[in-house]
Amino acid sequence: ILNVEQSPQSLHVQEGDSTNFTCSFPSSNFYALHWYRWETAKSPEALFVMTLNGDEKKKGRISATLNTKEGYSYLYIKGSQPEDSATYLCAFDSWGKLQFGAGTQVVVTP
Amino acid sequence: GAVVSQHPSRVICKSGTSVKIECRSLDFQATTMFWYRQFPKQSLMLMATSNEGSKATYEQGVEKDKFLINHASLTLSTLTVTSAHPEDSSFYICSARGSQGVRNTEAFFGQGTRLTVV
């Protein structure tokens, strides 16, 4: 069983503040690192699929970085809004399989 | 993004009966489908990976005779929980990928199924 860990487990953010959280994963047999956003009562949706060491990707106020050599990725939310409230999952893509972390639950309060 | 439809969203069944959960890709060909199970406050645990037309590959500790997976077409995979027991009560969710052989493509998820065995 691969070790994909996310921290913190949950965090509360004031509207307008920026935040970030971590995903750590094995540094061997790496194909890609995925980030998904999972809102309550909806299906998880892909945010980013990152493949290269040093990758940085951005979608609106959300961005992510990737370090494959040390096995970690950061997800950043800039100027958090209530609609950013969700659980953010990372997934380690190796040998055709996606192994997920437990997620970071983000609650943005007005 | 592509759409994956999973049914039913909730099911309650009696202990000893079997339950089938369907996962359909509506607008793309899903060469690979994954089935996950989630316990409260825990991550999505990969149960098995299935490729169209071939037998599913089960993760260690997952009973293949208990959780029957069929991926007979490029748009449909089913998970059957056989002889269900209360400990099988859980949240089950499928995801699908197209583009066979391209491993870094995103996965598209169904809505999940909440199974309760009484």
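For clarity, every value in this text was computed on a predicted model and none was experimentally measured. (Residues numbered from 1 in each chain as written. Chains lettered and ligands numbered in written order. Predicted model: local features only at pLDDT ≥ 70, side-chain atom pairs only at ≥ 80, totals over all residues. Heavy atoms only, no water.)

1. Some points on the overall build of chain B
- Within chain B one finds zero helices and eleven strands.
- Ordered by position in the sequence, the α and β elements of chain B form the string β-β-β-β-β-β-β-β-β-β-β.
- Over its C-alpha atoms chain B spans a radius of gyration of 14 Å, differing by no more than 12% from the 13 Å that the globule rule assigns to 118 residues.
- The principal-axis extents of the C-alpha atoms in chain B amount to approximately 40 × 25 × 25 Å.
- Residues counted as buried form 50% of the 118 residues belonging to chain B. (Helix = DSSP H or I, 4+ residues; strand = E, 2+ residues; numbered from the N terminus. Rg over C-alpha atoms; globule rule 2.2 N^0.38 Å. Buried < 20%, exposed > 50% of the residue type's maximum accessible area, 1.4 Å probe, protein only.)

2. Quick word on the interface of chain B and chain A
- Between chain B and chain A, the residue contacts involve 21 residues of the former and 21 residues of the latter.
- In total, chain B and chain A occlude about 1,700 Å² of area from one another, counting both sides; carbon and sulfur atoms represent 58% of this.
- A salt bridge links D93 of chain A to R97 of chain B; its shortest N-O distance comes to 2.3 Å.
- At the surface where chain B touches chain A, the tally comes to six residue pairs in polar contact (both at pLDDT 80 or more).
- Within the residue set of the side of chain B that touches chain A, elements represented by two or more residues are strand 4 (32-38), strand 5 (44-51) and strand 9 (90-97) of chain B.
- Class assignment for the residues of the side of chain B that touches chain A results in eight nonpolar, eight polar and five charged. (Contact = heavy atoms within 4.5 Å. Buried area = accessible area lost by both parts, 1.4 Å probe. Salt bridge = Lys/Arg side-chain N within 4 Å of Asp/Glu carboxyl O. Polar contact = N/O pair within 3.5 Å; in protein donor to acceptor, adjacent residues only side chain to side chain. Nonpolar A, V, L, I, M, F, W, Y, C, P; charged D, E, K, R; others polar.)

3. A short note on unusual backbone geometry
- Residue P8 of chain A follows S7 of chain A across a cis peptide bond; omega there is -5 degrees.
- Here P8 of chain A lies in the loop between strand 1 (5-7) and strand 2 (10-14).
- Of note, the bond from H7 of chain B into P8 of chain B is cis; its omega dihedral lies within 30 degrees of zero at -5 degrees.
- Turning to its location among the elements, P8 of chain B is positioned in the loop between strand 1 (4-7) and strand 2 (10-13).
- Unlike most non-glycine residues, S83 of chain B shows phi in positive territory, near 45 degrees.

4. Side note on the pattern of salt bridges
- Summed over all chains, the structure comprises six salt bridges over all chains.
- Between E59 of chain B and K97 of chain A there is a salt bridge, and its shortest N-O distance comes to 2.7 Å. A residue pair is termed interchain when its members come from two chains, as with E59 of chain B in the loop between strand 6 (57-58) and strand 7 (67-73) and K97 of chain A in strand 10 (residues 97-100).
- You can call K97 of chain A partly exposed: its relative accessible area is 24%.

5. Some words on the layout of surface pockets
- If you add up the space inside the largest pocket, you get close to 1,200 Å³.
- Forming the walls of the largest pocket are 41 residues, and the residues nearest its centre are W38, E39, T40 and K42 of chain A together with Q38 of chain B.
- Those elements that place two or more of their residues in the lining of the largest pocket are strand 4 (32-38), strand 5 (45-50), strand 9 (86-94) and strand 11 (104-109) of chain A together with strand 10 (108-109) of chain B.
- For the lining of the largest pocket, the element with the most residues is strand 11 of chain A, which contributes four residues. (1 Å grid on protein atoms, 1.4 Å probe; cavity = no way out; pocket = protein on both sides within 12 Å on 5 of 7 lines; lining within 4 Å. Points joined across faces, edges and corners; volume = space filled by probe spheres on them.)

6. Thoughts on the pairing of strand 3 (residues 19-25) of chain B
All names here are of chain B.
- Burial along strand 3 is one-sided: V19, I21, C23 and S25 are buried, while K20, E22 and R24, pointing the other way, are not.
- As defined by bridge partners, strand 1 adjoins strand 3 across four bridges and the pair is classed as antiparallel. Residue pairing for strand 3: V4 is matched across the bridge by S25.
- Bridge count for strand 3 against strand 8 (residues 76-81) is six bridges, and the pairing is antiparallel. Within the sheet, the bridge partner assigned to E22 lies in strand 8 and is T78. (Pairing = 2+ DSSP bridges.)

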